[in-house]
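Close look at the chain arrangement
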Amino acid sequence: QQQVRQSPQSLTVWEGETAILNCSYEDSTFNYFPWYQQFPGEGPALLISIRSVSDKKEDGRFTIFFNKREKKLSLHITDSQPGDSATYFCAALSANYGNEKITFGAGTKLTIKP
Amino acid sequence: GALVYQYPRRTICKSGTSMRMECQAVGFQATSVAWYRQSPQKTFELIALSTVNSAIKYEQNFTQEKFPISHPNLSFSSMTVLNAYLEDRGLYLCGARDTSGNTLYFGEGSRLIVV
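Each value, and the rule that gives it
Residues numbered from 1 in each chain as written. Chains lettered and ligands numbered in written order. Predicted model: local features only at pLDDT ≥ 70, side-chain atom pairs only at ≥ 80, totals over all residues. Heavy atoms only, no water. Contact = heavy atoms within 4.5 Å. Buried area = accessible area lost by both parts, 1.4 Å probe. Salt bridge = Lys/Arg side-chain N within 4 Å of Asp/Glu carboxyl O. Polar contact = N/O pair within 3.5 Å; in protein donor to acceptor, adjacent residues only side chain to side chain. Helix = DSSP H or I, 4+ residues; strand = E, 2+ residues; numbered from the N terminus. Nonpolar A, V, L, I, M, F, W, Y, C, P; charged D, E, K, R; others polar. Pairing = 2+ DSSP bridges. Axes fitted to C-alpha atoms, helices over the stretch in contact; angles between N-to-C directions. Buried < 20%, exposed > 50% of the residue type's maximum accessible area, 1.4 Å probe, protein only. 1 Å grid on protein atoms, 1.4 Å probe; cavity = no way out; pocket = protein on both sides within 12 Å on 5 of 7 lines; lining within 4 Å. Points joined across faces, edges and corners; volume = space filled by probe spheres on them.

Time to look at the interface of chain A and chain B. Facing 16 residues of chain A, the contacting portion of chain B comprises 20 residues. A buried area of about 1700 Å², summed over both sides, lies between chain A and chain B, and 51% of it is on carbon and sulfur atoms. Across the contact surface, chain A and chain B share 0 salt bridges. For the interface between chain A and chain B, the tally reads 5 residue pairs in polar contact (both at pLDDT 80 or more). Put simply, the parts of the chain that give the side of chain A that touches chain B at least two residues each are strand E4 (30-38), strand E5 (45-51), strand E9 (86-94) and strand E10 (102-104) of chain A. Taken together, the residues that form the side of chain A that touches chain B break down as 8 nonpolar, 4 polar and 4 charged.

All names here are of chain A. A sheet is described by the order of its strands in space; here 5 strands give the open sequence E1-E3-E8-E7-E6, paired in antiparallel fashion. For this open sheet the edge positions go to strand E1 (4-7) and strand E6 (56-59), each flanked by a neighbour on one side alone. Taking the axes of each pair of neighbouring strands and ignoring which way they run, one obtains an average angle of 15° across the sheet. Where strand E3 (residues 19-25) lies against strand E8 (residues 72-77), 6 bridges are found, and the strand directions are antiparallel. Its bridge partner being in E8, Ile20 is matched across the sheet by His76.

This part covers the pattern of salt bridges. Within the structure shown, the criterion is met by 9 salt bridges over all chains. Here A:Glu58 makes a salt bridge to A:Lys56, at a shortest N to O gap of 4.0 Å. On the accessibility criterion, A:Glu58 (53% relative accessible area) is exposed. Here A:Lys72 makes a salt bridge to A:Glu70, at a shortest N to O gap of 4.0 Å. Each of B:Arg37, B:Glu45, B:Lys66 and B:Asp88 takes part in salt bridges that share partners, so that together they form one network.

One number sums up the size of the largest pocket: a volume of about 380 Å³. Taken together, 19 residues line the largest pocket, and the ones lying closest to its centre are A:Lys101, A:Thr103, B:Phe44, B:Leu46 and B:Glu59. Looking at the lining of the largest pocket, the elements with two or more residues in it are E10 of chain A together with strand E5 (44-51) of chain B. Tallied by class, the residues present in the lining of the largest pocket amount to 8 nonpolar, 7 polar and 4 charged.

Below, the discussion takes up the pairing of E9(A). Residues and elements named next belong to chain A. Across the 9 residues that make up E9, a large majority, 9, are buried. Burial along E9 is two-sided: the residues Ala86, Tyr88, Cys90, Ala92 and Ser94 and Thr87, Phe89, Ala91 and Leu93 are all buried. Strand direction decides the pairing type here: E4 and E9, joined by 6 bridges, are antiparallel. By the bridge assignment for E9, Gln37 is matched with Tyr88. In the sheet, E9 pairs with strand E11 (residues 108-113) via 3 bridges, with the strands oriented antiparallel.

Structural measurements only, silent on function.
The structure is reproduced here in structure tokens:
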């Protein structure tokens, strides 16, 4: 059973455009959602995160929009750059597990064309 | 800032031999360390969760006999893959959690190649 779903599986946008990566979840106890960025051959790096009490989190060109009622969130990358090309993972932590267990989505591979 | 170092970055080992990997948290106290394996398809499998001074919790399909873990202090953990075979191939990731309990920082990973 896939607890965290990401779409699309892959996404290509032109440089300067806004890339929108989607994530949805099923477990209503999830209360913290980090997004990780992973380049080929490297480990995932924490990019930005949001708690379920917020509906928006912004950090530079990266913004998370969170809809608790619909159990959906999205990562917006504005003014996208070729260096943003990577795989992005949406993840979730549940209070039920004492926030110990992190559940990952399958990832969205983002390609920015110059 | 918080950093997690993993080494070796890559190991090629013969089928049936073992590989040990290490994880070092720098700049923060890692209250717990989670070991993951990332498959070639990029999916993450949690192997075990280790908290200092507590028993290590292994996930289903992973055992201490196969993946023994040492976690002696708040900045260091190691894991060994014993008797590695083809199905053990992948990128092994160490995720260290800071004292806030939420943020999980990953190392660069230790890639295991079995021949």
